[in-house]
Amino acid sequence: MSIYSYQARERTGKVLQGTIEAENQGAAASMLRQQGYLVTRLEEQRGRKSTRTTLTRNRRVKLADVVLFTKQFAVMVRAGLPVVQALRTASSQAEKPALKEIINAVSAKVEAGSSLAEAVREQSRIFPPLYGYMIEAGEAGGMLDAVLEQLAVHLQKEMDLRRKIIGAVTYPIVVLLFACLVVVFVITFLVPSFVSMFATMNAELPLLTRILLQVSAAFRQWGLLGLACVFAVSYGLKHFFRSKRGKQLLDRILLRIPVFGPLEQKVTITRFSRTLGMLLGGGIPMLQCLEIAGQVSNNVLIAGAIQKAMAGVRQGSGVSRPLEDTGLFPPMVTGMIAVGEESGQLETMLGEIADFYETEVEVVVSSLTTLLEPFLLIGLGVIMAFIVASILMPMFGMINAISL
């Protein structure tokens, strides 16, 4: 892949400049024309080569965009449109420039003679591994439209699962942040206004008031430094947890936290079961299915357990026994998998497992939101009551002294 700098004009007459990756100058010009641009200058940037068509702006493509593209692509392929024409149409309908460029890159690769699966795999930062494998199976079996529809349903369910989890934690986080901001504002800006008044009092201040004044002084003196330390520690932990060792530690902690641990396990089992069932339905070999399902589980410990299960499958055993030996899968899951293997209905059983645990996730998420809300409100009330009591107690003492 080469990088080309271009100057082009939109239909409105606006002049644009930028870079684009393509196999050759003709492919680059074709991709720009498909985006509705009139190319006025197109030159290869010498010395700059790319082995992938993935652009830096791909990070802005969300799962919802991939789901919408997959649905549109499936409809057009089922209607009988050739793959390249369907990709061009999907590109013209894409609203985000980053997604448009990705689809154009896939289209150019297919026009150059590559299979759709190979073109999709080059965009691995956007399309998950199972995407390429399922399309490959669909192309080989002549059922690309059906496979695309399955992928659309699978990705839609994954997106819905993410939204449920994000929705469950968003409210408590917002309430917690708001509470922290209120407390910091009161301690930093309101409490100091009472310091001079308390200083004129000859009587000894109550313990709560002394504690509050000390906390306020510490905030005003060390607040910025403390905030910088919080950001530094957060940044360091973020990068540490992205490493292999940090990810293992984080996943181990998550699985052991009360309430959140069972939720993480249910979410992981849902992803694993749904992915494995869909891949098996596409006719992909078991070992390959397990490897891909382990990758999308998004949990290092679960992925490691699946790797051990793969070793058992290579030795001729079924899937249920090795998974049971890991101790990370509930007996119901391994039992249903064993029944599916014996009856030849493993794909169906995996779908039922995914549906069951998805319902369980909904119940846990709903309960979690209901339980956290009163605790957060009570905690905020206690803190504010402490602040108010610390301020009012010496004032009441002063009023009583004056009245006497």
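I will try to describe carefully the structure that is included in this document. Please read these numbers as outputs of a predicted model, since none were measured by experiment.

Time to look at the pattern of salt bridges. Under the definition given, this model contains 13 salt bridges. When the shortest N-O distance is used, the salt bridge between Asp145 and Arg78 registers 3.8 Å. Of this pair, Asp145 sits in helix α7 (residues 144-190) while Arg78 is found in helix α2 (residues 63-78), placing the two residues 67 residues apart along the sequence. Here Glu136 makes a salt bridge to Arg121, at a shortest N to O gap of 2.5 Å.

Moving on to the packing of helix α6 (residues 129-141) against α7. Where α6 contacts α7, the axes come no closer than 8 Å and their chain directions differ by 155°. With respect to α7, the axis of α6 lies roughly antiparallel. Here the hand of the crossing between α6 and α7 comes out right-handed. For the pair formed by α6 and α7, the contact residues are Leu130, Tyr131, Met134, Ile135, Gly138 and Glu139 on the first element and Leu144, Val147, Leu148, Gln150, Leu151, His154 and Leu155 on the second. The class makeup of the residues in the contact of α6 with α7 is 9 nonpolar, 3 polar and 1 charged.

So, about the packing of aromatic side chains. Summed over all chains, the structure comprises 6 aromatic pairs. A centroid spacing of 6.1 Å and a plane angle of 55° characterise the contact between Phe69 and Phe127, whose relative ring orientation is tilted. Residue Phe69 is found in helix α2, and its partner Phe127 is found in the loop between α5 (116-121) and α6; the two are separated by 58 residues along the sequence. Ring centres 4.7 Å apart and planes at 45° place the aromatic pair Phe127 and Tyr131 in the tilted group. Across the pair, Tyr131 and Phe127 agree in class, each one buried. Aromatic ring contacts, followed pair by pair, group Phe69, Phe73, Phe127 and Tyr131 into a single cluster.

Note that Met384 resides in helix α16 (residues 346-403). For Met384, a relative accessible area of 25% gives the class partly exposed. For Met384 and Val182, which are 202 residues apart along the polypeptide, the C-alpha to C-alpha distance reads 9.1 Å. Discounting residues that sit within four places of it in the chain, Met384 has contacts with Val182, Val183 and Val186.

Next up on the list: the side chain of Ser390. As for its placement among the helices and strands, Ser390 is situated in helix α16. For Ser390, a relative accessible area of 0% translates into the label buried. A distance of 3.3 Å separates a polar atom in the side chain of Ser390 from the backbone oxygen of Leu208. Side-chain polar atoms of Ser390 contact the backbone oxygen of Phe386, separated by 2.6 Å.

Turning our attention to the packing of α6 against helix α12 (residues 286-296). Interhelical geometry of α6 versus α12 gives an angle of 150° and a closest axis separation of 9 Å. Of the possible angle classes, the one that applies to α6 and α12 is roughly antiparallel. Residues Pro129, Leu130 and Tyr133 of α6 lie in contact with α12, whose contacting residues are Gln288, Ile292, Gln295 and Val296. When grouped by side-chain class, the residues that make up the contact of α6 with α12 number 5 nonpolar, 2 polar and no charged.

What follows deals with helix α3 (residues 83-93). Each full turn of the α-helix corresponds to 3.6 residues, which orients residues three or four apart in the same direction. Burial in α3 covers these residues: Ala86, Leu87, Ala90 and Ser91. Take α3 and look down its axis: the buried residues cluster within an arc of 140°, on one side only. As for α3, its buried residues are in contact with α2, α4 (97-111) and α5.

What counts, and at which threshold
Residues numbered from 1 in each chain as written. Predicted model: local features only at pLDDT ≥ 70, side-chain atom pairs only at ≥ 80, totals over all residues. Heavy atoms only, no water. Salt bridge = Lys/Arg side-chain N within 4 Å of Asp/Glu carboxyl O. Helix = DSSP H or I, 4+ residues; strand = E, 2+ residues; numbered from the N terminus. Axes fitted to C-alpha atoms, helices over the stretch in contact; angles between N-to-C directions. Parallel < 35°, antiparallel > 145°, perpendicular 65-115°, else oblique. Left-handed = near helix turned anticlockwise from the far one by under 90°. Contact = heavy atoms within 4.5 Å. Nonpolar A, V, L, I, M, F, W, Y, C, P; charged D, E, K, R; others polar. Phe/Tyr/Trp six-rings, centres within 6.5 Å; stacked < 30°, edge-to-face > 60°. Buried < 20%, exposed > 50% of the residue type's maximum accessible area, 1.4 Å probe, protein only. Polar contact = N/O pair within 3.5 Å; in protein donor to acceptor, adjacent residues only side chain to side chain. Arc of directions from axis to C-beta.

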